[in-house]
Amino acid sequence: MDEEYDAIVLGTGLKECILSGMLSVSGKKVLHIDRNKYYGGESASITPLEELFARFGIEVPANKYGRGRDWNVDLIPKFLMANGLLVKLLIHTGVTRYLEFKSVEGSYVYKGGKISKVPVDQKEALASDLMGMFEKRRFRNFLIYVQDFRDDDPKTWKDFDPSQNPMQALYDKFGLDKNTQDFTGHALALYRDDDYLAEPAVKTITRIKLYSDSLARYGKSPYLYPMYGLGELPQGFARLSAIYGGTYMLDKPIDDIVIENGKVIGVKSGTEIAKCKQIYCDPSYVPDKVRKTGKVIRCICLLDHPIANTKDALSTQIIIPQKQVGRRSDIYVSLISSTHQVSAKGWFIAMVSTTVETDNPEIEIKPGLELLGPIAQKFVCVSDYYEPTDSGLESQIFISQSYDATTHFETTCLDVLDIFKRGTGEDFDFSKIKQELGDEEQ
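Residues numbered from 1 in each chain as written. Predicted model: local features only at pLDDT ≥ 70, side-chain atom pairs only at ≥ 80, totals over all residues. Heavy atoms only, no water.

The protein chain carries the name Rab GDP dissociation inhibitor in an unreviewed UniProt entry, which gives Corethrella appendiculata as its organism. Within the UniProt record for the protein chain, the comment given under Sequence similarities (unreviewed entry) is "Belongs to the Rab GDI family." Note on the protein chain: under the UniProt heading Subcellular location (unreviewed entry), the record states "Cytoplasm". (UniProt positions renumbered as here; feature names shortened; annotations may be inferred.)

Pasting the structure below:
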C-alpha cells in the first residue's frame, strides 16, 4: 500500500465500481478498497437464499424455496434502459463482454386502481385503455411531435420553442389532460416528481425519446436486466479496472482518511498509508461530509406466481404515479424470475420501493404490495438517503449519493457522470462509443 495513486476508490457499490473502471480506462492509476469481503456494497446481490433470510433474522422454511444457491437477490434491484447511459458506459468500457442481458417483458403504469401497459407509439396510444377516444387522438399527435422532433432542426419544433417554454406549455398545446400528463411524465420520461413541468420542454422530450428508442431495440419493454443479478455489474467494472492496471483490495479496513491543509493525501489502514491525489467513495466512508436528506423503503417479496394483468410476464416494471395514490413521490414495483437465473424455478422476486413521506413507511408501499397478490415472504428495509455537503473540489474527496427508490439506472448514471466531471474536470465522452450492445461478440 505504500505506492502513490492518482485516485483511491472506497467501497464496491455499483457507482464506485463504475467510477473505478472509467478512471482506469482514462489512464489513471487506481487503488480500489472495500472494508467488506464481497462486491456491491449496499447494492450487492445476496446468494445463497439462506443468507438473505439470515440478514433479516428470519428462519428459512425447509424445502420450500428450492436450492438456496439458485437464488441471487438484489438488495437494490434496478433495470437498465436499453439505450440509456449505463448501457452506453458498459459498451464504451467493454464490460459487456463479461455480462449477459435479457430484456424485461413489460412496462406498466397504475391508474385508478389497475395497471395498464405504458403506450409509447401511435398504435399503442390508440389501443390504450388509459384514455378516452378524443384524448387518445391528442396523445397520438403529441407522440408524433416528440418522435419527429430534432434538437438541431427548428422546423420540427412547430412554432414552439422547447428550450424556452416549459413542459406544461407543451402539454397545454396538445390539450392533454392531467391523467395523460401524469403517466407521460412519470412512466415515459421517468420523473420522480412534478417539478419538471416548469423546466424547459426539451428535457422531457429527450427523455421520452430515450424511452421509445430503448423500446425499439428489443420490443417488449425499454428495460434490460443482467443474468444472475446486478452483483455481476460491479464485478464486471472491477475486472475492467484490473485490466487497465487498477489494484483491488477487499476485506481491508479503512481507519482514517488523511488530510493535509484541507486536501486529501491518502488513506490509512492499520499502520499502512496509501497516498493519493483524490478519493472517490460512498457516503458511509465520510459521515462528516454528507447530510441525510430523506429515507427510502424497499420491500423484497418472494412470490410463486407472476403479477396479475401483466400477461403472465416473467419480468416487469410498474410505476404508480404519485397523484394516483395521493403522494408526493412515485411508488416503483419490479419483478424478475428464474428466467434471469436469480431464483429457483417457478419463483419470482418482486420489489416495491418509494421515498418515505410519513412515520409509517410500510403503509406507504401498500398500493404496490396489493398488486402482487399472495406473498410467500417479505423482507422490509428502510434506509437513509445521503447527499454530499460539498462538491469535493477543495478536499478532492468526491462522494456519491445514496441509491434512490427508482427501479431504473438513469439517476444512478447521472450521479456517476457528475462525480466524474467534478473529479476530472471533463465530461465523459460518449462520442467515442462506436459499438452497439452485442456487436463486440460477433
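Caption draft 1: Representation of the confidence of the model for the protein chain within the structure. Of the residues in the protein chain, 97% reach a pLDDT of 70 or more, and the chain-wide mean stands at 92. For residues 433-442, every residue scores under 50 in pLDDT, and the model assigns this stretch 17 contacts once sequence neighbours within four places are set aside. (pLDDT = per-residue confidence, 0-100. Contact = heavy atoms within 4.5 Å.)

Caption draft 2: A look at the pattern of salt bridges. Evaluation of the coordinates by the stated rule reveals 19 salt bridges. Put simply, arginine 192 and aspartate 404 hold a salt bridge, and the shortest N to O gap is 3.3 Å. Pair noted here: arginine 192 is in the loop between α7 (178-188) and α8 (201-218) and aspartate 404 is in the loop between β19 (397-399) and α12 (410-424), with a separation of 212 residues, a long-range link. We classify aspartate 404 as buried; its relative accessible area is 6%. Lysine 295 serves as the salt-bridge partner of aspartate 384, at 3.1 Å between the closest nitrogen and oxygen. Here the residue aspartate 384 occupies a position in strand β18 (residues 377-388), and lysine 295 occupies one in strand β14 (residues 290-303), the gap between them amounting to 89 residues. By relative accessible area, which is 27% here, aspartate 384 ends up partly exposed. (Salt bridge = Lys/Arg side-chain N within 4 Å of Asp/Glu carboxyl O. Helix = DSSP H or I, 4+ residues; strand = E, 2+ residues; numbered from the N terminus. Buried < 20%, exposed > 50% of the residue type's maximum accessible area, 1.4 Å probe, protein only.)

Caption draft 3: Spotlight on the environment of arginine 298. Looking at where arginine 298 falls in the secondary structure, it is placed in strand β14. Along the chain, arginine 298 and valine 356 lie 58 residues apart, while their C-alpha atoms are 9.8 Å from each other. For arginine 298, the residues in contact, after removing those within four places along its chain, are Leu75, Ile76, Met351, Val352, Ser353, Phe379, Val380, Cys381, Ser383, Tyr403, Asp404 and Ala405. In terms of polar contacts, arginine 298 uses its side chain to reach the side chain of serine 383, at 3.3 Å. (Polar contact = N/O pair within 3.5 Å; in protein donor to acceptor, adjacent residues only side chain to side chain.)

Caption draft 4: Fine view of the domain arrangement of the protein chain. Split into domains, the protein chain comes out as domain 1 (4-44 + 231-291 + 386-428), domain 2 (57-105 + 294-385) and domain 3 (116-218). Every contact between the two is made by 33 residues of domain 1 and, on the other side, 31 residues of domain 2. When domain 1 packs against domain 2, the two sides together hide about 2900 Å² of surface, and 66% of this comes from carbon and sulfur. Where domain 1 meets domain 2, there are one salt bridge. Between lysine 78 and aspartate 404 there is a salt bridge, with the nearest N and O atoms lying 3.0 Å from each other. For the side of domain 1 that touches domain 2, the secondary structure elements donating two or more residues are α1 (14-25), α9 (232-243), β18 and α12. With seven residues, the single largest contributor to the side of domain 1 that touches domain 2 is α9. Tallied by class, the residues present in the side of domain 1 that touches domain 2 amount to 17 nonpolar, nine polar and seven charged. (Domains from an automatic or database assignment. Buried area = accessible area lost by both parts, 1.4 Å probe. Nonpolar A, V, L, I, M, F, W, Y, C, P; charged D, E, K, R; others polar.)

Caption draft 5: How the structure looks around the side chain of asparagine 72. Tracing the backbone through its elements, the reader meets asparagine 72 in the loop between α2 (49-55) and β4 (73-74). Engagement of the side chain of asparagine 72 in a polar contact is seen with the backbone oxygen of glutamine 341, the distance being 3.2 Å. Setting aside its immediate chain neighbours within four residues, asparagine 72 contacts Ile46, Thr47, Tyr228, Gln341, Val342 and Ile349.

Caption draft 6: Fine view of the nonpolar core. Leu86 and Phe142 are the most contacted members of the largest nonpolar core, which totals 98 residues. Leucine 86 has contacts with Leu14, Ile18, Leu80, Leu233, Phe237, Phe409 and Cys413, leaving out every residue within four places of it along the chain. Among the nonpolar cores identified, the runner-up in size contains 21 residues, and Ile318, Phe348, Ala350 and Val352 belong to it. (Core = buried A, V, L, I, M, F, W, Y, C linked by side-chain atoms within 4.5 Å.)

Caption draft 7: The sheet that holds strand β5 (residues 80-81), seen in detail. A sheet is described by the order of its strands in space; here three strands give the open sequence β5-β9-β6, paired in antiparallel fashion. Of all strands in the sheet, those with a lone pairing partner are β5 and β6 (101-103), marking the two edges. Two elements, β5 and strand β9 (residues 223-226), share two bridges in a ladder whose sense is antiparallel. Opposite leucine 80, over in β9, you have leucine 224 as the bridge partner. (Pairing = 2+ DSSP bridges.)

Caption draft 8: Representation of the side chain of threonine 12 within the structure. Within the secondary structure, threonine 12 is located in the loop between β1 (4-10) and α1. Within the local environment of threonine 12, its side chain forms a polar contact with the side chain of aspartate 34, the two groups lying 2.5 Å apart.

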